[in-house]
Amino acid sequence: MNSATKMTISRVLLIPIFILFFYLDFIGHYFVATFIFVLSAITDILDGALARKHNETTDFGKFLDPIADKMLAITALILLVDRGLMFAPYGAIMTSIIVAREIAIGMFRSVAATKGVVLAADKLGKIKTIFTNIAIPFMIGGGCKYEVYPAPEMTIVGTVFGHLGFTIFLIAFVFTVVSGINYILKNKHVFEKGDKK
(Lines give C-alpha, C1' and ligand atoms only; values in the text may rest on other atoms or scores of the structure.)
Protein backbone atom coordinates (compact mmCIF):
# COMPACT_ATOMS: atom_id res chain seq x y z
CA MET A 1 0.00 0.00 0.00
CA ASN A 2 1.56 3.29 -1.09
CA SER A 3 1.66 6.53 0.91
CA ALA A 4 -1.10 8.22 -1.11
CA THR A 5 -3.52 5.36 -0.45
CA LYS A 6 -2.64 5.35 3.25
CA MET A 7 -3.46 9.05 3.39
CA THR A 8 -6.81 8.44 1.70
CA ILE A 9 -7.62 5.71 4.21
CA SER A 10 -6.63 8.02 7.06
CA ARG A 11 -9.20 10.50 5.74
CA VAL A 12 -11.90 7.86 6.04
CA LEU A 13 -10.73 6.97 9.57
CA LEU A 14 -10.95 10.64 10.59
CA ILE A 15 -14.69 10.72 9.87
CA PRO A 16 -15.82 8.97 13.11
CA ILE A 17 -13.37 11.16 15.07
CA PHE A 18 -14.89 14.21 13.40
CA ILE A 19 -18.39 13.02 14.37
CA LEU A 20 -17.28 12.39 17.95
CA PHE A 21 -15.87 15.88 18.49
CA PHE A 22 -18.79 17.49 16.69
CA TYR A 23 -21.17 16.08 19.29
CA LEU A 24 -18.99 16.05 22.41
CA ASP A 25 -20.22 18.81 24.70
CA PHE A 26 -17.20 20.80 25.87
CA ILE A 27 -16.01 24.34 25.31
CA GLY A 28 -14.49 24.65 21.85
CA HIS A 29 -15.67 21.28 20.49
CA TYR A 30 -16.97 22.88 17.29
CA PHE A 31 -13.55 24.38 16.64
CA VAL A 32 -11.90 20.99 17.21
CA ALA A 33 -14.37 19.44 14.75
CA THR A 34 -13.55 22.24 12.30
CA PHE A 35 -9.84 21.50 12.63
CA ILE A 36 -10.41 17.79 11.96
CA PHE A 37 -12.49 18.57 8.88
CA VAL A 38 -9.83 20.94 7.52
CA LEU A 39 -7.13 18.35 8.24
CA SER A 40 -9.14 15.77 6.30
CA ALA A 41 -9.57 18.17 3.39
CA ILE A 42 -5.82 18.83 3.35
CA THR A 43 -5.10 15.10 3.13
CA ASP A 44 -7.28 15.08 0.01
CA ILE A 45 -4.93 17.58 -1.61
CA LEU A 46 -1.81 15.82 -0.39
CA ASP A 47 -2.72 12.28 -1.43
CA GLY A 48 -3.41 13.41 -4.99
CA ALA A 49 -0.13 15.33 -5.11
CA LEU A 50 1.80 12.35 -3.73
CA ALA A 51 0.21 9.95 -6.19
CA ARG A 52 1.17 12.16 -9.14
CA LYS A 53 4.65 12.99 -7.85
CA HIS A 54 5.67 9.40 -7.15
CA ASN A 55 3.58 7.89 -9.93
CA GLU A 56 1.64 5.88 -7.34
CA THR A 57 -1.79 6.11 -8.94
CA THR A 58 -3.67 2.85 -8.38
CA ASP A 59 -7.14 1.56 -9.27
CA PHE A 60 -7.91 1.21 -5.56
CA GLY A 61 -6.87 4.81 -4.97
CA LYS A 62 -9.02 6.03 -7.86
CA PHE A 63 -11.94 4.12 -6.37
CA LEU A 64 -11.49 5.16 -2.74
CA ASP A 65 -10.47 8.82 -3.12
CA PRO A 66 -13.76 10.25 -4.46
CA ILE A 67 -15.75 8.06 -2.06
CA ALA A 68 -13.75 9.38 0.91
CA ASP A 69 -14.38 12.96 -0.23
CA LYS A 70 -18.12 12.44 -0.51
CA MET A 71 -18.34 10.54 2.79
CA LEU A 72 -16.65 13.39 4.62
CA ALA A 73 -18.65 16.22 3.03
CA ILE A 74 -22.04 14.50 3.24
CA THR A 75 -21.42 13.46 6.85
CA ALA A 76 -20.56 17.05 7.76
CA LEU A 77 -23.66 18.43 6.02
CA ILE A 78 -25.95 15.95 7.76
CA LEU A 79 -24.46 16.86 11.15
CA LEU A 80 -24.89 20.56 10.40
CA VAL A 81 -28.53 20.00 9.50
CA ASP A 82 -29.05 17.95 12.66
CA ARG A 83 -27.68 20.75 14.85
CA GLY A 84 -29.64 23.44 13.03
CA LEU A 85 -26.54 25.23 11.77
CA MET A 86 -27.72 25.60 8.15
CA PHE A 87 -30.76 27.91 8.36
CA ALA A 88 -33.55 25.34 8.44
CA PRO A 89 -35.30 24.24 6.35
CA TYR A 90 -33.15 25.46 3.46
CA GLY A 91 -30.01 23.63 4.53
CA ALA A 92 -31.90 20.35 4.85
CA ILE A 93 -33.49 20.76 1.43
CA MET A 94 -30.18 21.57 -0.25
CA THR A 95 -28.40 18.75 1.54
CA SER A 96 -31.07 16.31 0.34
CA ILE A 97 -30.60 17.50 -3.23
CA ILE A 98 -26.82 17.16 -2.91
CA VAL A 99 -27.12 13.59 -1.61
CA ALA A 100 -29.53 12.74 -4.44
CA ARG A 101 -27.09 14.26 -6.93
CA GLU A 102 -24.18 12.19 -5.63
CA ILE A 103 -26.25 8.99 -5.76
CA ALA A 104 -27.34 9.76 -9.33
CA ILE A 105 -23.78 10.48 -10.49
CA GLY A 106 -22.53 7.34 -8.73
CA MET A 107 -25.13 5.21 -10.52
CA PHE A 108 -24.31 6.94 -13.79
CA ARG A 109 -20.64 6.05 -13.39
CA SER A 110 -21.59 2.48 -12.55
CA VAL A 111 -23.56 2.22 -15.80
CA ALA A 112 -20.58 3.65 -17.67
CA ALA A 113 -18.24 1.13 -16.02
CA THR A 114 -20.43 -1.80 -17.10
CA LYS A 115 -20.04 -0.58 -20.67
CA GLY A 116 -16.28 -0.14 -20.38
CA VAL A 117 -16.44 3.65 -20.41
CA VAL A 118 -14.15 5.63 -18.10
CA LEU A 119 -15.54 9.07 -17.31
CA ALA A 120 -13.13 11.90 -16.54
CA ALA A 121 -13.75 14.20 -13.61
CA ASP A 122 -15.69 17.35 -14.43
CA LYS A 123 -14.08 20.77 -13.81
CA LEU A 124 -17.33 22.15 -12.46
CA GLY A 125 -17.43 19.24 -10.05
CA LYS A 126 -13.98 20.14 -8.77
CA ILE A 127 -15.06 23.74 -8.29
CA LYS A 128 -18.12 22.68 -6.25
CA THR A 129 -15.86 20.51 -4.10
CA ILE A 130 -13.59 23.48 -3.37
CA PHE A 131 -16.50 25.75 -2.41
CA THR A 132 -18.09 23.00 -0.30
CA ASN A 133 -14.86 22.34 1.58
CA ILE A 134 -14.52 26.06 2.30
CA ALA A 135 -18.14 26.52 3.37
CA ILE A 136 -18.39 23.59 5.77
CA PRO A 137 -15.63 24.67 8.22
CA PHE A 138 -17.18 28.13 8.51
CA MET A 139 -20.62 26.66 9.20
CA ILE A 140 -19.21 24.28 11.81
CA GLY A 141 -17.31 27.12 13.44
CA GLY A 142 -20.56 29.07 13.48
CA GLY A 143 -21.80 26.66 16.11
CA CYS A 144 -19.52 28.29 18.68
CA LYS A 145 -22.27 30.79 19.50
CA TYR A 146 -24.29 27.94 21.02
CA GLU A 147 -21.55 26.70 23.33
CA VAL A 148 -21.93 26.92 27.07
CA TYR A 149 -19.77 29.82 28.18
CA PRO A 150 -20.57 33.52 28.71
CA ALA A 151 -18.60 35.06 25.87
CA PRO A 152 -20.64 37.65 23.91
CA GLU A 153 -17.91 37.96 21.31
CA MET A 154 -18.45 34.29 20.42
CA THR A 155 -22.02 35.12 19.47
CA ILE A 156 -20.68 37.65 17.00
CA VAL A 157 -17.97 35.32 15.69
CA GLY A 158 -20.43 32.44 15.40
CA THR A 159 -23.00 34.56 13.58
CA VAL A 160 -20.42 35.88 11.11
CA PHE A 161 -18.97 32.40 10.52
CA GLY A 162 -22.43 30.90 10.09
CA HIS A 163 -23.66 33.48 7.60
CA LEU A 164 -20.40 33.52 5.64
CA GLY A 165 -20.30 29.73 5.50
CA PHE A 166 -23.90 29.45 4.33
CA THR A 167 -23.33 32.11 1.66
CA ILE A 168 -20.36 30.15 0.30
CA PHE A 169 -22.44 26.98 0.56
CA LEU A 170 -25.11 28.57 -1.65
CA ILE A 171 -22.43 29.02 -4.33
CA ALA A 172 -21.30 25.42 -3.81
CA PHE A 173 -24.91 24.25 -4.13
CA VAL A 174 -25.37 26.00 -7.47
CA PHE A 175 -22.16 24.42 -8.79
CA THR A 176 -23.30 21.06 -7.42
CA VAL A 177 -26.57 21.13 -9.35
CA VAL A 178 -25.11 22.63 -12.53
CA SER A 179 -22.12 20.27 -12.55
CA GLY A 180 -24.38 17.25 -12.06
CA ILE A 181 -26.61 18.19 -14.99
CA ASN A 182 -23.60 19.11 -17.13
CA TYR A 183 -21.83 15.84 -16.29
CA ILE A 184 -24.74 13.72 -17.42
CA LEU A 185 -25.43 15.76 -20.56
CA LYS A 186 -21.75 15.75 -21.51
CA ASN A 187 -21.57 11.98 -21.11
CA LYS A 188 -25.04 11.05 -22.35
CA HIS A 189 -23.39 8.80 -24.94
CA VAL A 190 -23.03 6.30 -22.10
CA PHE A 191 -26.73 5.47 -22.48
CA GLU A 192 -26.27 4.92 -26.20
CA LYS A 193 -23.05 2.90 -26.12
CA GLY A 194 -23.76 -0.76 -26.56
CA ASP A 195 -27.55 -0.30 -26.84
CA LYS A 196 -27.74 -0.28 -30.61
CA LYS A 197 -28.02 -3.63 -32.36
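A short tour of the structure in this document, coming up.

What counts and how
Residues numbered from 1 in each chain as written. Predicted model: local features only at pLDDT ≥ 70, side-chain atom pairs only at ≥ 80, totals over all residues. Heavy atoms only, no water. Helix = DSSP H or I, 4+ residues; strand = E, 2+ residues; numbered from the N terminus. Buried < 20%, exposed > 50% of the residue type's maximum accessible area, 1.4 Å probe, protein only. Contact = heavy atoms within 4.5 Å. 1 Å grid on protein atoms, 1.4 Å probe; cavity = no way out; pocket = protein on both sides within 12 Å on 5 of 7 lines; lining within 4 Å. Points joined across faces, edges and corners; volume = space filled by probe spheres on them. Nonpolar A, V, L, I, M, F, W, Y, C, P; charged D, E, K, R; others polar. Axes fitted to C-alpha atoms, helices over the stretch in contact; angles between N-to-C directions. Parallel < 35°, antiparallel > 145°, perpendicular 65-115°, else oblique. Left-handed = near helix turned anticlockwise from the far one by under 90°. Core = buried A, V, L, I, M, F, W, Y, C linked by side-chain atoms within 4.5 Å.

Below, the discussion takes up the overall build of the protein. Scanning the protein from terminus to terminus reveals seven helices and zero strands. N-terminal to C-terminal, the α/β element order of the protein is α-α-α-α-α-α-α. When burial is assessed residue by residue, the protein has 39% of its 197 residues classed as buried. Counted over contacts in the protein with a minimum sequence separation of 6, partners at least 24 positions apart contribute 79%.

On to empty space enclosed by the protein. One pass over the full model with this rule turns up one cavity of 30 Å³ or more. There is about 40 Å³ of room inside the largest cavity. Lining the largest cavity are Arg11, Ser40, Ala41, Asp44, Asp69, Leu72 and Asn133. Mapped by element, the contributors of at least two residues to the lining of the largest cavity are helix 2 (29–53) and helix 3 (59–82). Partitioned by chemical class, the residues of the lining of the largest cavity number two nonpolar, two polar and three charged.

Between helix 5 (residues 123–141) and helix 6 (residues 152–186), the least distance of the axes is 7 Å, while the angle of their chain directions is 160 degrees. Overall, the two elements helix 5 and helix 6 adopt an arrangement that is roughly antiparallel. Pair helix 5 / helix 6 crosses with left-handed handedness. Here the contact of helix 5 with helix 6 is composed, by residue class, of 16 nonpolar, nine polar and one charged.

The topology assignment puts isoleucine 171 in helix 6. Through-space distance from the C-alpha of isoleucine 171 to that of lysine 128 is 7.9 Å; in sequence the pair is 43 residues apart.

As a rule of thumb, nonpolar side chains are buried together in soluble globular proteins. In this structure, Phe18, Phe22, Leu80, Ile136, Met139, Ile140 and Phe169 are the most contacted members of the largest nonpolar core, which totals 26 residues. Of all the secondary-structure elements, those providing two or more residues to this core are helix 1 (3–23), helix 2, helix 3, helix 4 (90–114), helix 5 and helix 6. Considering each element in turn, this core owes the most residues, six residues, to helix 3. Ignoring any residue separated from it by four or fewer positions in sequence, one finds methionine 139 in contact with Leu77, Leu80, Leu85, Met86, Phe161, Gly162, Gly165, Phe166 and Phe169.

Moving on to the side chain of threonine 176. Position of threonine 176 relative to the elements: it lies in helix 6. On the basis of relative accessible area, threonine 176 is assigned to the buried category, the value being 3%. Ignoring anything within four residues of it in the chain, the contact list for threonine 176 reads Ile98, Arg101 and Lys128.

Angle between the axes and distance between the axes: these two values describe a pair of packed helices. At a minimum axis separation of 10 Å, helix 4 and helix 6 run at an interaxial angle of 30 degrees. Here helix 4 lies roughly parallel to helix 6, going by the angle between them. Helix-helix and strand crossings are classified by hand; for helix 4 and helix 6 the assignment is left-handed. Together, Tyr90, Gly91, Met94, Ile97, Ile98, Arg101, Ile105, Phe108 and Arg109 of helix 4 and Phe166, Phe169, Leu170, Phe173, Thr176, Val177, Ser179, Gly180, Tyr183 and Ile184 of helix 6 make up the contact between the two elements.

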